[in-house]
Amino acid sequence: MYLYGLFLAMCSVFFYLDVVEYGSLQFENMFYSASTILTFIVPILTMRMFAEERKLGTEQLLYTSPTRTSSIVMGKFLASLFVVLITEIFTLLYLAILYFFGTPHIQTILVTLLGFLMLSMAYISFGMFASSITENQIIAGVITIGFFIITWFLPNFSPILEPLSLINMFDKFPSGLIALEEIVTYITFTIFFVLLTMIVLQRKKSMK
Amino acid sequence: MIEVKNVTKKYGNFIAVNNISFNIEKGEIVGLLGPNGAGKSTTMNIITGFIEQTEGEIVVGGYNILKNPKKAKKQIGYMPEGVPLYNELTVKEFINYMADLKQVAKKEKKEKIQKVIEQTHLQNVQNKLIKNLSRGYKQRVSMAGALVGDPEILILDEPTVGLDPKQITEIRNLIKELGKTHTIIISSHILSEISQICNKVIIINSGKIIAQDTPKKLEEKVKKQNQLSVTIEDKETKVEEITKQIQGIQEMKLVKDNEDGTKEYIITADENQDIRKEIFEKYAKSGITIFELKKNEATLEDAFINLIGEKQEEEEKN
């Protein structure tokens, strides 16, 4: 719950700094900053996912139930995505404010929101994977944030690494362009880490 | 109902469970008995499909736990060691969550949740957060989680650990009651518990099964020896001499020299011979005062200690 609050409080600051301050109607501009915050919020959201279950032993309840591991992983993934989706819906309040002053470009905004969801999806999948490999939620969180920051700065080392930067890929969406290449990358990245999480959990069964 | 065939679990070079096999019939209450670290929890974790065995096969109600996990697991209600629970949920929320995990049909869910709450007597705390409950209640919540969805088999790992005597009695009665309608496996290192509840005992030590039988038969196995324990006051120290005159005496051993001048002996006699009467009469004639005279009944405790001891001796010889 406090994550919602934190995220929305930050968003209202960005809404003021990135939109209101410029006297602009471009709601999408605040999402550049929001994506930065997402980089730090997602790890907090995902770090407990499997690490805490393992530490408390509640994973025994999960894996001895008739529910498949893949369903459990998908359930947790979708639940986190749903949390992000709800915060996104909350940000529409700001959009409503803008309607008092003029007509924002709704298509651009929808594309931005789609991009934001794609980025969240990719972030969550990695965070979930990090949580599945350890029983210490702090370690899971640090791995996740560390990985996000590394991919963030990768393009600084070489332009070839540009496509690996999750957050930079997002920057295309607020221009109103449905960036197909980026969407495919996000989806591929997500599927990869969701599957990897399932494999890790399955493997741990025979290692335990 | 449950078939365990030649199951082995290795962690690197360490063998946690070593080639164990047993069968559990429908309706049996089976006790898994052994000292700490014997492999009880590992065995239970393998049966419930939480961990995979290195070798061997587990069949639960006709379904292989690895090849057909969904159908096999559906028949099992598991209460893991240390009662892991979600502290931030209320009792009812937790049971509801367990019902979802066990894929209880939506229509029956409400009714089934209510049923297990009643069975485990949790009505008064059903809307309380689990973290605010006492250990005894938490144990019952965990039990309710295992029970929901009407599994035929209940696997309870040390269900009475950490409870006070009153709570232990409550949980035991609950298990006995459930035993009428379920097949149950419980693990424990407390013998009295197992002998009270179970109709079959499997004794494990260092990953191996060293005995499996009914509690009664296990006791009989140890009872072969005919032993008496006698406490006497013997001022002239002639008791040993006198005792030797009785027919059928094999051994007499001093076990305790009490401060008040009495001495405690253990006398072993030939089987099927009651020497109590003779001892009483002979001692009385010789001026030896008997303070206490009793026949040593073998308990499951003795069976346990004897069996574990025997195995260790064997291993040392090898």
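Here, every reference points to the structure presented above.
Below you will find a few notes about this structure. (Residues numbered from 1 in each chain as written. Chains lettered and ligands numbered in written order. Predicted model: local features only at pLDDT ≥ 70, side-chain atom pairs only at ≥ 80, totals over all residues. Heavy atoms only, no water.)

**So, the sheet that holds strand β1 (residues 2-11) of chain B**
All names here are of chain B. Read across the open sheet, the four strands follow the order β2-β1-β4-β5; overall the sheet is antiparallel. Strands at the two margins of the open sheet, each flanked by one partner only, are β2 (14-24) and β5 (63-64). Bridge count for β1 against strand β4 (residues 55-60) is five bridges, and the pairing is antiparallel. By the bridge assignment, K5 is partnered in β4 with E57. (Pairing = 2+ DSSP bridges. Helix = DSSP H or I, 4+ residues; strand = E, 2+ residues; numbered from the N terminus.)

**Notes on the interface of chain B and chain A**
Contacts between chain B and chain A engage 24 residues on the former and 18 residues on the latter. Summing both sides of the interface, chain B and chain A together bury roughly 2000 Å²; the carbon and sulfur share of this comes to 59%. Seen at the junction of chain B and chain A, the total is five residue pairs in polar contact (both at pLDDT 80 or more). Breaking the side of chain B that touches chain A down by element, the ones donating at least two residues are β1, α2 (69-74) and α3 (91-101) of chain B. For the side of chain B that touches chain A, the leading source of residues is α3(B), giving five residues. Across the side of chain B that touches chain A, the residue classes break down as twelve nonpolar, four polar and eight charged. (Contact = heavy atoms within 4.5 Å. Buried area = accessible area lost by both parts, 1.4 Å probe. Polar contact = N/O pair within 3.5 Å; in protein donor to acceptor, adjacent residues only side chain to side chain. Nonpolar A, V, L, I, M, F, W, Y, C, P; charged D, E, K, R; others polar.)

**Re the nonpolar core**
Formed by 130 residues in total, the largest nonpolar core has its most connected members in A:F27, A:M30, A:Y186, B:I47, B:F94 and B:I95. Top contributing element to this core by residue count: helix α6 (residues 106-132) of chain A, with 14 residues. Discounting chain neighbours no more than four positions away, the residues touching A:M30 are A:C11, A:F14, A:F15, A:D18, A:V19 and A:Y94. Counting residues in each nonpolar core, the second largest holds 14 residues, with B:I242, B:M252, B:Y265 and B:I279 among its members. (Core = buried A, V, L, I, M, F, W, Y, C linked by side-chain atoms within 4.5 Å. Buried < 20%, exposed > 50% of the residue type's maximum accessible area, 1.4 Å probe, protein only.)

**A few points about the packing of aromatic side chains**
Counted under the stated rule, the structure contains 21 aromatic pairs over all chains. A centroid spacing of 6.0 Å and a plane angle of 55° characterise the contact between A:F126 and A:F129, whose relative ring orientation is tilted. Here A:F129 and A:F126 lie together in helix α6, a separation of three residues that amounts to about one turn. Both rings, one in B:Y86 and one in B:F94, keep their centres 6.4 Å apart while their planes meet at 50°; by these two values the pair is tilted. The exposure class assigned to B:Y86 is buried, which follows from its relative accessible area of 10%. Among the aromatic residues, ring-to-ring pairing joins A:Y123, A:F126, A:F129, A:F147, A:F148, A:F189, A:F192 and A:F193 into one connected group. In this structure, A:K76 is placed above the aromatic ring of A:F50, and the distance from its NZ or CZ to the ring centre is 5.3 Å. (Phe/Tyr/Trp six-rings, centres within 6.5 Å; stacked < 30°, edge-to-face > 60°. Lys NZ or Arg CZ within 6 Å of the ring centre and 35° of its normal.)

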